[in-house]
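# Structure assessment
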Amino acid sequence: MRQTVNLNHKWAFSKEAAEVPAEFPKNWVFVNLPHTWNAIDGQDGGNDYYRGTCYYAKQILKSELPQNARYYLEFCGANASAQVYWNGECIGRHDGGYSTFRTEISEALQEENLLVVSVDNGENETVYPQMADFTFYGGLYRDVNLIAVSDAHFDLEYYGGSGIAVTPTVQGDSAQVRVQVFLNSVKKGQSLFYCLQDRDGKHVSEAVCTADCTEVTMEIPKVHLWHGRKSPYLYTACAELRENGEVLDRVSARFGCRSFRIDAEKGFILNGEPYPLRGVSRHQDRWGLGNALLPEHHEEDMDLICELGATTVRLAHYQHDRYFYDLCDERGLVVWAEIPYISKHMPKASENAEAQLRELIVQNYNHPSIVVWGLSNEITMNGSDADLLETHKHLNALAHELDSTRPTTVAVVSMCDMHDPYLKIPDVISYNHYFGWYGGDTAMNGPWLDRFHETFPDLPIGVSEYGCEGLDWHTSDPVQGDYTEEYQAYYHEELIKQLFTRPYLWATHVWNMFDFGADARNEGGENGQNHKGLVTFDRKYKKDAFYAYKAWLSDEPFVHICGKRYTERTEEVTKVTVYSNLPTVELFRNGESIDRQTSREHFFYFDVPNIGESRIEAVAGEVTDGFVLQKVDSFPEKYRLKEKGAVLNWFDITAPEGYFSLNDKLSEILETDEGKKIFFTFAEALNRKGKGEKIAGFTMGADMLKMLGGFTVLRLTGLLGTAGVQVEKDELLELNRQLNQIPRASNIAPSDEGAGTP
Ligand code: GCU
C-alpha cells in the first residue's frame with residue numbers, strides 16, 4: 001500500500017547562497033513549510049520585494065522512510081520555478097508556481113540523502129505570471145510530501161494528477177459514473193477493484209476486473225445530486241490494484257453528480273433549475289503570511305464566503321491549493337478555476353501557459369464544484385495580435401480535449417472592444433468592469449451589459465470583476481475615488497441592484513472577497529495592498545459592503561448598521577444606512593423609534609438627529625444591531641485619507657478657485673484643450689521614464705486614459721506605482737502649477753459610456 005509522509009518540518013533556507021550546497025548547510029536558517037520569503041517585503045509597498053533564487057535543503061534518512069519499492073517527492077506549490085537536487089544531482093525541474101509536481105527519487109535513494117530545492121521567482125519571459133496586480137510570493141509555500149508506492153502503482157507522474165478520473169453523467173434519477181485509472185508497471189495476474197461509496201461510506205456499486213481494464217462505468221441508482229450550496233452531496237470513487245488478495249495500491253476521489261449548462265438568456269442552470277451564480281473572487285494570500293497558508297486559513301476564508309451567501313467563487317488568478325477546491329466541493333460553491341495567463345501576452349511563454357492549463361485540469365478534474373476553465377485574464381490589456389489569438393485557440397482546444405464536460409471562459413479587460421475576435425474563442429465570456437471606480441460611473445454597468453447582450457444574444461456574458469477600494473476612512477458625502485468605506489458600500493449597493501436583476505448574466509464575481517498583497521500599489525494610505533476586498537487582508541474586519549451582499553444572498557436572518565467605524569459626525573441630521581435580509585427594519589435613537597421601513601431591496605436609509613450622544617439600534621424581526629453616535633463640532637482628521645509615504649498629499653496642493661489642480665478628475669481635465677495638452681506632455685515624460693515607449697510595458701493609450709478618468713490626477717500618479725513608475729514631488733508640483741493656469745470648462749460635455757461600445 002502507498003504511504004505518504006509529510007516533509008514540511010525543518011528545512012534549512014538561504015536567500016544568499018549562490019549555488020547548491022554539497023553538504024547539509026548547518027549555518028542556514030531553519031524554517032518549516034509552508035514558507036515564503038516575501039511575507040513582509042511583498043506587502044509593504046514600493047514594488048521592491050525580493051525576486052530571485054533562494055534555496056531550501058533537507059536531510060532525509062532512508063531508515064526513516066516507509067519501506068516500499070518506489071519513492072516520489074511531491075511539491076504542492078513552489079513559486080515560481082523550481083529545480084530539485086538529490087545528493088547533488090538535478091533530478092527535476094518545474095515551471096509554474098501554483099500547481100503540484102512530483103519527482104521520482106527511487107533510483108537515487110541512499111542511506112543518507114541531501115535534498116536541495118532551488119526556487120526562483122525572478123523576472124523572465126517564459127513563465128506566467130510576470131505582470132499582474134498581485135505579489136508573486138516566492139517559496140515552497142505549500143506542502144512537500146514523500147509518497148512511497150509498490151512497483152506497480154497508480155500513476156504519479158502525469159502532470160501531477162491523482163491517477164484516477166471520475167466522470168459522472170446524470171440520467172433520470174440515476175447516474176452513470178465512468179472511472180478511469182492510470183497505472184504504472186502493472187504485471188499479468190494483477191487485478192483492479194473499483195467501488196463507489198455514498199457519503200456514509202456505504203458501497204453503492206462495485207466492479208472487479210483484470211489490471212488492463214482501466215476504465216469502467218458503474219451506476220448509482222436513485223442518485224443524490226450535488227446541488228450547490230443547497231445540497232453539496234459527495235460520493236467517493238475508489239480503485240485498488242490487487243495481487244493474490246493483497247492490495248498493492250489504492251486511490252480514491254470524491255465526486256458529485258450534477259448537470260449544468262450556461263444559457264445566454266437564463267444564466268446558469270444547475271440540475272435543470274436556474275441557479276444564479278452571484279459571488280466573489282478570491283486571492284489566496286494574507287497579511288503577514290503571504291501565500292504560506294495553513295488549512296485553518298483556507299477554512300476561515302471558506303466560512304466567510306459562505307457567510308456572505310455567495311453561490312460562486314472565482315479562484316483568481318492561478319491554481320489554488322487543492323484543499324480549497326475540496327472545501328468548495330463540500331460547501332457547494334460553484335468555481336471558476338483559471339491559470340495565470342494574465343495582463344500581457346508573452347510570445348515565449350505559450351508553452352508554459354499550456355503546461356499550466358494541463359496541470360490545472362488534470363489535477364482538478366474530479367471536483368464537482370468547478371464548472372469553467374478560465375484561459376486568461378485581461379490579456380488584451382496591451383493590445384491583441386495573431387500570436388495571442390493562436391495561443392487562445394490552442395488553449396481552448398486543449399481544455400476541451402482534456403475535459404469535454406466543462407466550458408471555457410476568459411475574463412476580458414473593460415476597454416477591450418466587444419467585437420475583438422478573441423472573444424469568439426471561449427464558450428462563454430465575462431468582462432472586468434470598474435465603471436464607478438477607475439472610470440465612468442456606477443450607472444454605466446447595467447446598460448453596458450444590456451448592449452453587449454443585445455449585440456451578442458447567443459454569447460453568455462458575465463461580470464468576472466467589479467469592485468472598489470474601501471479602507472478605514474470615512475465621510476458623510478462619499479465620492480468616487482475617495483477610498484472610504486462609505487463610497488465602497490454605496491458602489492456595491494448600486495452594482496448589486498444592477499447585476500442581481502439581470503438574470504442573463506451567467507455569473508458575477510466581486511473583485512475581491514479579501515484585500516490582497518500587491519507590492520507595487522501605493523494607494524489608500526496603506527501601501528502594498530489592493531483594498532477592494534469586502535474583508536480586510538487579516539480577515540478581521542468585514543467592511544459594510546460585505547453586509548450589502550449578505551442582505552441579498554444569505555438566508556441567515558441578520559441586520560447590520562453601516563458606519564460603525566464612523567461614530568463622530570458633524571452634521572445635525574445624519575444618514576444611517578442599514579442592511580438586512582428581513583423585509584422590515586425599525587431604527588431607534590436612545591430607545592425612541594425614528595422610523596420603520598419596509599423594502600424589497602434590502603437597503604434601508606434613515607435620517608437620524610445627531611445631538612450629543614445617541615445610542616442607535618436597528619431591529620429586524622428577532623435580530624438587532626447597534627452603535628453609539630457622537631455629535632462633534634469639527635470633522636475628525638482621523639477619518640480623512642492620508643497617503644502613506646506619499647510624495648504629495650491632497651491637502652498640500654494649491655487649487656485656486658475656478659482653476660484645475662491635481663485634485664481634479666482626469667476626465668474633467670481632458671475635456672479642455674489646454675488640459676489635454678498639458679496632461680499628454682506629462683504622460684509622454686512618464687513614458688520616457690518607463691521602459692521605452694511604455695510605462696512598465698503598458699501603453700498609456702486613449703482607452704487606458706478613459707478607463708482611469710474617474711481618478712484625480714494625484715491619485716492616478718499614485719496608482720502608477722503599480723506599473724513601476726515613481727513620480728517625483730517636483731514633477732507633481734510643476735504639473736499642478738500648470739493646471740492652476742487652466743480655467744475649468746464651464747460646459748463640460750457629458751462623459752461617454754466607456755470603452756468597448758458596439
Ligand atoms: C484587474 C485585474 C486584477 C486587479 C484589478 C484591480 O482588472 O484583473 O488582477 O487586481 O483589476 O485593478 O483591482
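Residues numbered from 1 in each chain as written. Predicted model: local features only at pLDDT ≥ 70, side-chain atom pairs only at ≥ 80, totals over all residues. Heavy atoms only, no water.

### Remarks on the packing of aromatic side chains
- In total, this model carries 37 aromatic pairs according to the counting rule given.
- Taking 5.7 Å as the distance between ring centres and 20 degrees as the angle between the ring planes, the aromatic pair formed by tyrosine 235 and phenylalanine 255 counts as stacked. Taken together, the positions of tyrosine 235 in strand β22 (residues 235-243) and phenylalanine 255 in strand β23 (residues 246-255) put the pair 20 residues apart, joining distant regions of the chain.
- The exposure class assigned to phenylalanine 255 is buried, which follows from its relative accessible area of 1%.
- Measuring from ring centre to ring centre gives 5.1 Å for phenylalanine 546 and tyrosine 547, while their planes differ by 75 degrees; the resulting arrangement is edge-to-face.
- Relative accessible area serves as the criterion here: at 15%, tyrosine 547 is assigned to the buried category. (Phe/Tyr/Trp six-rings, centres within 6.5 Å; stacked < 30°, edge-to-face > 60°. Helix = DSSP H or I, 4+ residues; strand = E, 2+ residues; numbered from the N terminus. Buried < 20%, exposed > 50% of the residue type's maximum accessible area, 1.4 Å probe, protein only.)

### A word on the nonpolar core
- Residues Tyr422, Tyr431 and Phe452 are the most contacted members of the largest nonpolar core, which totals 124 residues.
- With sequence-adjacent residues up to four places away left out, phenylalanine 452 is seen in contact with Met418, Leu423, Ile429, Tyr431, Leu459 and Ile461.
- With 28 residues, the next largest nonpolar core counts Phe154, Val179, Leu192 and Phe255 among its residues. (Core = buried A, V, L, I, M, F, W, Y, C linked by side-chain atoms within 4.5 Å. Contact = heavy atoms within 4.5 Å.)

### Points about the sheet that holds strand β42 (residues 603-609)
- With antiparallel pairing, the three strands of this open sheet are ordered in space as β37-β39-β42. Strands at the two margins of the open sheet, each flanked by one partner only, are β37 (559-561) and β42. With direction set aside, neighbouring strand axes in the sheet form an average angle of 25 degrees.
- Across the face of the sheet, helix α6 (residues 485-499) comes into contact with β39 (573-580) and β42 while running at roughly 145 degrees to β42.
- Against the sheet, helix α7 (residues 544-553) engages β37, β39 and β42, with an angle of about 45 degrees to β39. (Pairing = 2+ DSSP bridges. Axes fitted to C-alpha atoms, helices over the stretch in contact; angles between N-to-C directions.)

### Overview of the pairing of strand β5 (residues 70-75)
- Of all six residues in β5, six are buried; the element is thus mostly enclosed.
- Because side chains alternate across β5, one face comprises the buried residues Arg70, Tyr72 and Glu74, and the other comprises Tyr71, Leu73 and Phe75, equally buried.
- In this sheet, strand β12 (residues 144-149) lies alongside β5 in antiparallel orientation, the contact comprising six bridges. By the bridge assignment for β12, phenylalanine 75 is matched with valine 144.
- Across four bridges, β5 lies against strand β9 (residues 101-104) in antiparallel orientation. Considered in β9, the bridge of leucine 73 is made with threonine 103.

### What about the confidence of the model for the protein chain?
- A residue-level look at the protein chain finds 94% of positions with pLDDT of 70 or above and a mean pLDDT of 93.
- This stretch, residues 690-698, has a pLDDT under 50; its non-local contacts, to residues over four places away or in other chains, come to 24 contacts.
- Long-range and interchain partners of residues 747-758, a stretch whose pLDDT sits below 50, account for 28 contacts in this model, where long-range means more than four residues apart. (pLDDT = per-residue confidence, 0-100.)

### Looking at the packing of α6 against α7
- Closest axis-to-axis distance for the α6/α7 pair is 8 Å, and the angle between their directions is 25 degrees. Relative to α7, the element α6 lies roughly parallel. The chirality of how α6 crosses α7 is right-handed. Counting all contacts with α6, which are made through Glu485, Gln488, Ala489, His492, Ile496 and Lys497, the residues of α7 involved are Asp544, Ala545, Ala548, Tyr549 and Trp552.
- Of the residues that constitute the contact of α6 with α7, the class distribution is six nonpolar, two polar and three charged. (Parallel < 35°, antiparallel > 145°, perpendicular 65-115°, else oblique. Left-handed = near helix turned anticlockwise from the far one by under 90°. Nonpolar A, V, L, I, M, F, W, Y, C, P; charged D, E, K, R; others polar.)

### Notes on unusual backbone geometry
- With an omega of 5 degrees, the peptide bond running from asparagine 79 to alanine 80 counts as cis.
- The amide bond that connects tyrosine 128 to the next residue, proline 129, takes the cis arrangement and shows omega of -5 degrees.
- For proline 129, the position within the fold is in the loop between β10 (112-120) and β11 (139-140).
- Although it is not a glycine, arginine 539 sits at a positive phi angle of roughly 65 degrees.

### Examining the environment of leucine 270
- For leucine 270, the location among the structural elements is in strand β25 (residues 267-270).
- In this structure the C-alpha to C-alpha distance between leucine 270 and serine 259, which are 11 residues apart in sequence, comes to 6.0 Å.
- With near-sequence residues (within four places) excluded, leucine 270 lies in contact with Trp226, His227, Gly228, Arg258, Ser259, Phe260 and Tyr275.

### Focus: helix α2 (residues 322-331)
- Buried residues of α2: Phe324, Tyr325, Leu327, Cys328 and Asp329, and no others.
- N-capping of α2 is provided by aspartate 321, with a side-chain oxygen placed 2.9 Å from the backbone N of tyrosine 323.
- Directly after α2, the chain includes glycine 332, whose backbone phi takes a positive value near 85 degrees. (Polar contact = N/O pair within 3.5 Å; in protein donor to acceptor, adjacent residues only side chain to side chain.)

### Considering the site of the ligand
- Surveying the vicinity of the ligand reveals 13 residues, the closest of which are Asp133, Glu378, Tyr438, Glu465 and Lys532.
- In the environment of the ligand, an oxygen atom lies 2.7 Å from a nitrogen or oxygen atom belonging to the side chain of histidine 317.
- In this structure, an oxygen atom belonging to the ligand sits 2.4 Å away from a side-chain N or O atom of tyrosine 438. (Near = heavy atom within 4 Å.)

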